[in-house]
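Structural overview
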Amino acid sequence: MKRSERAALWFVLPSVFLVGLFSIYPILESARLSFYRMILMLPWLGEKFVGLENYRDLATDPVALDSLAITLVFVGVSAALEVLAGLGMALLLNESFRARGLVRAAVLVPWAIPTVVSSQMWRYLFNDRYGLFNFLLFGRATERYLAPLADARLAPAAIVFADVWKTSSFAALIILAGLQTIPDELYEAAAVDGATAWQKFRRVTLPLLKPALLLALLFRTIDAFKVFDLVFVMTQGGPADATNVLQFYGYKKIFAEGMIGYGSAISVGVFCFSLVLSFFYIRLIGARVLEKGTAR
Amino acid sequence: MKPWLAPLLLLLLFSPVGAAEIRFVTWRETQGFMERLIHDFEAQNPDLRIVRDIGPHSSTEFHDLVAQKFKNRDREMDVFFMDVIWPAEFASAGWALPLDRFFPPEERKKFLPAAIRANSYTGAIYGVPLFVDAGLLYYRKDLLEKYRLQPPRTWPELVEQAKTILGRENSSGLTGFSGQFKQYEGLVCNMMEYILSNKGSLWDEANLSGALHSVVAKEAVRFVRDHIIGEISHRGVLAYQEPESLALFTEGRAVFHRNWPYAWEEANDAQKSKIAGRVGMAPLPAFPGGKSAAALGGWQLGISRFSRRPELAWRFIEFMTREETQKRIALWTGRGVAREKIYQDPEVLGKYPQFRAQFEISTAAAPRPPTPVYVPLSNIMQRYFSAAVSARDSDLDRLAAHADRDMDRVLDLLRPRAAR
C-alpha cells in the first residue's frame, strides 16, 4: 500500500510540475504584479509597490464596472442559451436515424473551427452592406439593412449569437454522453406505466441528466467568462464600449497601454470570479454524484 | 545514416553561410510595391535577405503586436513599421533604437518637418518617415458639377450639399458621407479634425490636462452626432475603418468621403472603383471661423533595440527612404511620401497633379501630440468619442467631463516627481 502510493506520487509528479509551471506560476506572478504600479512606457517611474491601490482603483473604475456588467450578462445569456441549444441537439442526436454518425460529426464542425476564424466569418455575415444576415432578414430592401456591429444594443447580441453558434455543440457533446448513461429500462418502465413523451422527459431524462447539464453549464460559464477572441475580432470592444468584456479590457490595459500592474489586477479579478463559480458548480455536481452513490 | 551525420547536418542548417536575414515587421501591402522594392534591395545587397513578418491592417492591433515583441525582447525583429503616434512611446520605453548616428540632422532637413517632429523625442530621432498621410476630403466631382456646387469649405455646407444631392438623386443606395467612426484609432483622427477645425484641441500640452470639455470641442462632437451620423451617413459608419468606408465611396454609394492620400489611387483605379475619373479632392472643411485641420498620419521605419544587426537593418531603411526609392514609391502608388523634394518633382507632378495640393495639406497637418502615454489617452478618447456619437441622446457634458478627468489622471504621470 505504502509503496504503491509512493509510486503513484512519482507518476503524478510530471503533471504537477507542468500545471505548476504553466498555470500556478503565471497566476501567482499576476497576483504579485497586481500589487505594483508598473507602466512599460514610463520606465523611470520604476516598479513601485502600491499595496491594494490597483484594486481600489478597479473597484471605482466606471469602465471596469461597466465591463464587469457586460461580461456577466454575456456569461449568463450565452451559457444558458448554449446549454438549452445543446440539450436540444443532444436529444436529437440520441435518437436513432439514418446517417446519425454523419450528423453527429457535422454538429461538431462549428466547435472545431478556431474562434478567430469563425469570428471573422461572423464579422462578414453581420456586415451592414453585404452581410448574409441582412440579406436573410430583408432581402433586397437594402435601405432597411441593419449594422449590428455598429449598434450598442445589437453588438452584444451579435457576439452572444456567434458564441452560441460555436460552442453549443460542445455542450451537446457532454449532454449526449449523459443521455447515453440513462438505462433504457427506465423508459420501458415509464412506458408500461403509461407515461407520455413529455412525462418521460420531465420525470426520467431531466433528473438523471442533471449532473451532465451542470457540467456543461460549468464548462460554458467559465469559458464564457474568459471571452476574448470574439470581441477582439468582431468589435474591438465597441461601439461605445458595448462589448468591452473584462478580458478584453485587461488585455488592452496590459498589452496596448503597458499598465502592467493595473491590468494584472483585472486578470486576478477575472480569475477569482471563475474560481468562485467553479467551486459553486463543483459543490453542486459533487452533491449530485454523492446522492447517486448513497442511493445505490 | 551514420550517427555523426545528424549533428553535422544540423550545424550546416544553422551556419551563417549565404545571406544574413533582416526581419521586417510590416503590414500587408496591396499595391505590390513592397515586394518589388525588397526584390531590388536584395539584388543590390546579395549579402542580405529581407524576411517579412506580416501584421494586421489596423494600427491598434499592429501596435499591440509590435509592443508584444518588444516586451518579449524579441531578437527576431530588426526593422518595424511605426505609426506616427508611436515614436515617443517606443523611445520612452527604451524599445526603439535612437538613430542619430545613422540619420544626422542635415539629412533630416530633407524630410517634411512635421514628420521629423513626430519621430523625435527628447532631442533624439527614433524613426525615418516613409509615408506621410494627412486627412483629405474626397468628393464625387460628377455629382457636385451636376448640381453646380463647389467643394464645401465648412462642415455645415458639406451637410447641406449632401442633403441637396441625396434629395434630388433619390437613390436609396446613396449616402452623403463616409468616414471612420468605429471605436479605434481612426476615430480619434476623424474627431480631432472636427475639433481642431473648431479651434479646439484634444488636450492642453502645457498644462497636461484634457480639453474635451471645452465648449468648442463639445460643439464639434455634437455636430458629428446630430448632423452626420444617421443623417448624411448611415449608422453603419460606426463600425467602419478605412477599407469599409472607402469601399462605399468607390462603389459610388457616397457623395463625400474622408480618407488618407492612398484613397486617391484606389478611387481612380478602374479595376477596383466604379467612380474612376469622377473623383475630386479638397482640404477637409472647417467650422465657420475655424481653419481646416488634417490629422497627420503616416508610417516610419524604426530599428528594434533588441536587433542583433542594427547596421545591416539601417542599410535597408536607408534604401527604402532614399530619394530615388521615395520617387519610385510615389510614382507607383500615388501615396504621400516623406521627402519634400518629391513634391516638386516634375515627373511625379505630371502623373499626380494632386501632389501640389497634398504638399500644402501635409505641411499644415496637425500631429496628434507626441507623448509616451499616447495609447492610454487614445483609449480614453476612443471611448468618449464612440459613446458620444453613437447614441443620439448621449449626455455630452457628463461624458466629456469624465473623459477629461481620466485624461488628467494619465497626464499626471508625466509631471516631474516633485510636482506630484
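Reading guide: rules and limits
Note on numbering: residues in each chain are counted from 1, in written sequence order. Key to labels: chains lettered from A, ligands numbered from 1, both in the order written. Only residues with pLDDT of at least 70 get local features here, since the model is predicted, and only at 80 or more are side-chain atom pairs given and counted; chain-wide, interface and lining totals rely on the full set of residues. Note on conventions: DSSP H or I runs of at least 4 residues are helices, E runs of at least 2 residues are strands, and numbering of each starts at the N terminus. Three exposure classes are used. Buried residues have 20 or more other C-beta atoms within 10 Å of their own C-beta, exposed residues have 12 or fewer, and partly exposed residues fall in between, all C-beta atoms being placed from the backbone. Note that contacts rest on C-beta atoms placed from the backbone: two residues are in contact if these are within 7 Å. As a reference, a globule follows 2.2 Å times the number of residues to the power 0.38, and the radius of gyration itself is taken over C-alpha atoms. Pairing between two strands requires that DSSP report at least two bridges joining them. Helix axes are fitted only over the stretch in contact, all axes being lines through C-alpha atoms; the angle between N-to-C directions runs from 0 to 180 degrees. Angle categories are assigned with fixed cut-offs, so that under 35 degrees is roughly parallel, over 145 is roughly antiparallel, 65 to 115 is roughly perpendicular, and the rest are oblique. The nonpolar class holds Ala, Val, Leu, Ile, Met, Phe, Trp, Tyr, Cys and Pro. Asp, Glu, Lys and Arg form the charged class, and all remaining residues, Gly among them, are polar. Connectivity within a nonpolar core runs through C-beta atoms within 7 Å, and the core itself is a set of buried Ala, Val, Leu, Ile, Met, Phe, Trp, Tyr and Cys residues. Comment: arc refers to directions from the helix axis out to C-beta atoms. pLDDT runs from 0 to 100 and stands for how confident the predictor is about each residue. To estimate the expected span of a helix, subtract one from its residue number and multiply by 1.5 Å. Fitting axes to the seven residues ending at a residue and to the seven starting there, one defines the bend at that residue as the angle between these axes.

1. What about the overall build of chain A?
Check the secondary structure of chain A and you find 13 helices and two strands. When the 296 residues of chain A are sorted by exposure, 35% land in the buried category. Within chain A, residue pairs in contact and separated by at least 24 positions form 70% of the contacts whose partners lie at least 6 positions apart.

2. Looking at the overall build of chain B
A tally of regular secondary structure across chain B gives 18 helices and 13 strands. Taking 2.2 N^0.38 as the reference for a compact globule, 420 residues should give roughly 22 Å; the C-alpha atoms of chain B span a radius of gyration of 23 Å, in line with that estimate. Long-range contacts, defined as pairs at least 24 residues apart, comprise 73% of the intrachain contacts of chain B with a sequence gap of at least 6.

3. Examining the sheet that holds strand 2 (residues 48–55) of chain B
Residue and element names in this part refer to chain B. Strand order in the open sheet made by the five strands is 2-1-3-13-6, with mixed pairing throughout. Only two strands of the sheet have a single partner each, and these edge strands are strand 2 and strand 6 (128–134). For this sheet the average axis-to-axis angle between neighbouring strands, irrespective of direction, equals 20°. Pairing of strand 6 with strand 13 (residues 296–303), which is carried by six bridges, proceeds in the antiparallel orientation. For phenylalanine 131, the partnering residue across the bridge sits in strand 13 and is tryptophan 299. Against the sheet, helix 13 (residues 310–321) touches strand 1 (20–27), strand 2, strand 3 (79–83), strand 6 and strand 13, its axis set at about 145° to strand 13.

4. Regarding the packing of helix 10 (residues 215–228) of chain B against helix 17 (residues 374–390) of chain B
Residue and element names in this part refer to chain B. Across the interface, helix 10 lies against helix 17 with an axial gap of 8 Å and an inter-helix angle of 45°. When the interaxial angle is binned, helix 10 and helix 17 end up oblique. On helix 17, the residues that touch Val221, Val224 and Arg225 of helix 10 are Phe385, Ala388 and Val389. Class assignment of the residues belonging to the contact of helix 10 with helix 17 gives a composition of five nonpolar, no polar and one charged.

5. Remarks on the interface of chain A and chain B
At the junction of the two partners, chain A supplies 27 residues and chain B supplies 30 residues. Per element, the largest residue contribution to the side of chain A that touches chain B is three residues, and it comes from helix 12 (residues 246–256) of chain A.

6. Brief notes about the environment of A:Gly178
Residues and elements named next belong to chain A. Note that glycine 178 resides in helix 8 (residues 154–180). Considered as a pair, glycine 178 and leucine 214 are 36 residues apart in the sequence and their alpha carbons are 11 Å apart. Setting aside anything within four residues of it in sequence, one finds glycine 178 in contact with Leu209, Pro211 and Ala212.

7. Examining the nonpolar core
The biggest cluster of nonpolar side chains holds 196 residues, and the ones touching the most others in it are A:Ile175 and B:Tyr384. If you tally residues by element for this core, the top one is helix 8 of chain A, at twelve residues.

8. Let's talk about the pairing of strand 7 (residues 136–140) of chain B
Residue and element names in this part refer to chain B. With five of five residues buried, strand 7 is to be regarded as a mostly interior element. Note that strand 7 and strand 11 (residues 254–259) share four bridges and pair antiparallel. Looking at the pairing, tyrosine 138 lines up with histidine 257 of strand 11. Judged from the four bridges that link them, strand 7 and strand 12 (residues 279–282) form a sheet pairing that is antiparallel. Bridge pairing links tyrosine 139 to glycine 280 in strand 12.

9. Concerning helix 6 (residues 115–125) of chain A
All names here are of chain A. Taken together, the buried positions of helix 6 are occupied by Ser118, Ser119, Trp122 and Leu125. Summarising the axial view, the buried residues of helix 6 lie within an arc of 120°, below the 170-degree limit, and thus occupy one face. What points out from helix 6, more than 90 degrees from its buried face, is the exposed set Val116, Val117 and Tyr124. Considering only its buried residues, helix 6 is in contact with helix 5 (109–112), helix 7 (132–138), helix 8 and helix 11 (229–234).

10. Here we look at the environment of B:Pro243
Position of B:Pro243 among the secondary structure elements: in helix 11 (residues 242–250). For the pair B:Pro243 and B:Glu265, spaced 22 residues apart in sequence, the C-alpha separation works out to 13 Å.

11. Description of unusual backbone geometry
Peptide bonds are, in most cases, trans, and in most cases residues other than glycine have a negative phi. All names here are of chain A. Proline 239 follows glycine 238 through a cis peptide bond whose omega is -10°. With respect to the secondary-structure elements, proline 239 resides in the loop between helix 11 and helix 12. For glutamine 236, which is not glycine, the phi dihedral falls at a positive 55°. Its place among the elements puts glutamine 236 in the loop between helix 11 and helix 12.

12. Description of the sheet that holds strand 12 of chain B
Where strands meet in a sheet, backbone hydrogen bonds hold them as pairs that are either parallel or antiparallel. All names here are of chain B. Overall, mixed pairing links the four strands, which are arranged 8-11-7-12 in an open sheet. Edge positions in the sheet fall to strand 8 (175–178) and strand 12, since each of these pairs with one other strand and no more. Adjacent strand axes in the sheet meet at a mean angle of 20°, parallel and antiparallel pairs treated alike. For strand 8 and strand 11, the ladder comprises three bridges, and the chain directions are parallel. Within strand 11, the position partnered with phenylalanine 177 by the bridge is phenylalanine 256.

13. Points about the confidence of the model for chain A
In this model, chain A carries a mean pLDDT of 90, and residues with pLDDT of at least 70 account for 96%. Looking across chain A, the model is least confident in helix 13 (residues 260–295) of chain A, with a mean pLDDT of 80, and most confident in helix 3 (residues 62–94) of chain A, with 95.

14. Here's the deal with the pairing of strand 13 of chain B
Residues and elements named next belong to chain B. When you tally the buried positions in strand 13, you get eight out of eight residues, the bulk of the element. Taking every second residue as pointing to the same face, both faces of strand 13 are buried, with Leu296, Gly298, Gln300 and Gly302 on one and Gly297, Trp299, Leu301 and Ile303 on the other. Where strand 3 and strand 13 come together, five bridges link them in antiparallel fashion. Paired with valine 79 across the two strands is isoleucine 303, which belongs to strand 13.

15. Description of helix 8 of chain A
All names here are of chain A. In a regular helix each residue adds 1.5 Å, so 27 residues correspond to 39 Å; helix 8 covers 38 Å between its end C-alpha atoms and thus fits that length. Roughly 40° is the biggest bend found in helix 8, and it falls at threonine 167. Across the 27 residues that make up helix 8, a large majority, 19, are buried.

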